[in-house]
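# Results of the structural survey
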Amino acid sequence: MAKKIISSGRSVYNGHCHECGCKFTYDRSDVHHNYVLGGDRVSCPTCGSSVTHFGESGTTWPHHV
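Described below are features of the structure shown in this document. (Residues numbered from 1 in each chain as written. Predicted model: local features only at pLDDT ≥ 70, side-chain atom pairs only at ≥ 80, totals over all residues. Heavy atoms only, no water.)

### Remarks on the environment of His 18
Take His 18: it is sitting in the loop between strand 1 (12-16) and strand 2 (23-27). For the pair His 18 and Ser 49, spaced 31 residues apart in sequence, the C-alpha to C-alpha distance is 8.7 Å. (Helix = DSSP H or I, 4+ residues; strand = E, 2+ residues; numbered from the N terminus.)

### Examining the sheet that holds strand 5 (residues 50-52)
Here three strands make up an open sheet; going across it, the order is 3-4-5 and the pairing antiparallel. Every other strand in the sheet has two partners, leaving strand 3 (32-33) and strand 5 as the edge strands with one partner each. Bridge analysis of strand 3 against strand 4 (residues 40-43) gives two bridges, and the strand direction is antiparallel. If you follow His 32 over to strand 4, its bridge partner there is Arg 41. (Pairing = 2+ DSSP bridges.)

Bear in mind that shape data such as this cannot, by itself, settle questions of function.
Listed below in structure tokens is the structure:
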């Protein structure tokens, strides 16, 4: 069976570094798996800190309604 897209996903994410406060955007190619800290991470473009990538919500905790 061929794959069909029902609705497109995100390709650009918003990031927020809790070390220096930098707010930034990034795409999936910037995300890497960190085997020491665990999970998917992205590096802050200002200070280089490792920031957790949470999938669709980017690097911020998903908001629960």
